[in-house]
Amino acid sequence: MLTQTLSALAFATSGQNLRGSIEVSALHRLHDQLHLHDQSHDHVGSVAYSITGSCIDGKPNLNVSVAGTLSLRCERCLEPFAYTIAISSNLAPVQDALPDLMDEDDDVESIPAEENIDVIAFIEEEILLSLPISPRHETNICSAVAGAAVEREQRLAGLGQLSALIKKSK
Ligand SMILES: [Zn+2]
């Protein structure tokens, strides 16, 4: 895959647009969190991205959207689950950004106005930031939770039988 770079400030001020797709297997920093069945990584698919530059009221902005589905590993049962990525972030390239001036607006995150942003690393960073801290199935479909629920039912059923026996013996 060819390395594509963009200049954050110029991209925004000239209203450029870039879209494409990235193979998930190329996003190496994501691999720890993915459920990979084998080493081939062929099946993990790709994510579609779009970066749109704009300049509104003299404020440069990059809208980054990413869509796709990742197979994450449920931290509870360690089985895969499909996680849908739907990112739409507004990033403001700021020159000589001072830390205390960053993030003054919750809807727009400031990023350094770098010249050569690696597009793939940039998209990967956005995906990493969007992932859940504790990736898990919904409790009603997680096999670990289902297993625990069955155990609890069995225990309750056992208690029921026990109290029935106690009643009988009285
Ligand atoms: Zn699970």
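For every chain, the first residue of the written sequence is number 1, and numbering continues from 1 along that sequence. Confidence filtering applies because this is a predicted model: local features only for residues at pLDDT of at least 70, side-chain atom pairs given and counted only at 80 or more, and all residues used for totals across whole chains, interfaces and linings.

K.L.:
Teacher, can you tell me more about helix α2 (residues 119-130) here?
P.N.:
Think of an α-helix as turning once every 3.6 residues; residues three or four places apart then point the same way. Elements are defined by DSSP. Helices are runs of H or I of four residues or more, strands are runs of E of two residues or more, and each kind is numbered from the N terminus. Given a helix with a known number of residues, its expected span is that number minus one, times 1.5 Å. Taking 1.5 Å of rise per residue, the 12 residues of α2 would be expected to cover 16 Å, and the 17 Å separating its terminal C-alpha atoms lies within 8% of that figure. Buried, partly exposed and exposed are defined by the number of other C-beta atoms within 10 Å of a residue's own C-beta, namely 20 or more, between the two limits, and 12 or fewer respectively, with C-beta atoms placed from the backbone. Along α2, the positions that sit buried rather than exposed are Ile120, Phe122, Ile123, Glu124, Glu126 and Ile127. We call two residues in contact when the distance between their C-beta atoms, placed using the backbone, is within 7 Å. Among the structural elements, β2 (17-23), β3 (46-56), β4 (59-73), β5 (80-94) and β7 (117-118) are those in contact with the buried residues of α2.

K.L.:
So what exactly am I meant to see when it comes to the sheet that holds strand β6 (residues 108-112) here?
P.N.:
Sheets are built from strands that pair by backbone hydrogen bonding, the pairs being arranged parallel or antiparallel. Any two strands with at least two DSSP-identified bridges between them are counted as paired. The strand order across the open sheet built from 5 strands is β2-β3-β4-β5-β6, with neighbouring strands paired in mixed fashion. Of all strands in the sheet, those bounded by a partner on one side alone are β2 and β6. Within this sheet the neighbouring strands show an average axis-to-axis angle of 30°, counted without direction. Of the strand pairs in this sheet, β4 and β5 are connected by 12 bridges, and their pairing is antiparallel. Counterpart to Ser65 in the pairing with β5 is Ser88. Fitted lines through C-alpha atoms serve as axes, helices being fitted only where they are in contact, and the angles separating the N-to-C directions of these axes extend from 0 to 180 degrees. Along the sheet, α2 makes contact with β2, β3, β4 and β5, crossing β5 at roughly 115°.

K.L.:
Before we go on, may I ask you to explain the pairing of β5 in this structure?
P.N.:
On a regular strand, each side chain points to the face opposite its neighbour's, so the side chains alternate between the two faces of the sheet. The hairpin turn running from β4 into β5, its antiparallel successor, is 6 residues long, and Leu78 in that turn takes a positive phi close to 65°. Sheet topology places β5 next to β6; 5 bridges connect them, and they run parallel. Across the sheet, Leu91 pairs through a bridge with Glu109, a residue of β6.

K.L.:
Got a minute to help me understand the environment of Leu129 in this structure?
P.N.:
By the element assignment, Leu129 lies in helix α2. A sequence separation of 42 residues divides Leu129 from Ile87, and the C-alpha atoms of the two residues are 9.9 Å apart.

K.L.:
Can you walk me through the nonpolar core in this structure?
P.N.:
Generally speaking, nonpolar side chains in soluble globular proteins are found buried as a group. We define a nonpolar core as a collection of buried residues of the types Ala, Val, Leu, Ile, Met, Phe, Trp, Tyr and Cys that are connected via C-beta atoms lying within 7 Å of each other. In terms of nonpolar packing, the biggest core is built from 19 residues, with Ala8, Ile22, Tyr49, Leu62, Val66 and Ile123 touching the most fellow members. Counting residues per element, the ones that place at least two in this core are α1 (8-13), β3, β4 and α2. The contacts of Val66, once residues within four sequence positions are left out, are Val47, Tyr49, Ile85, Ile87, Ile123, Glu126 and Ile127.

Read these as spatial facts, not as claims about activity.
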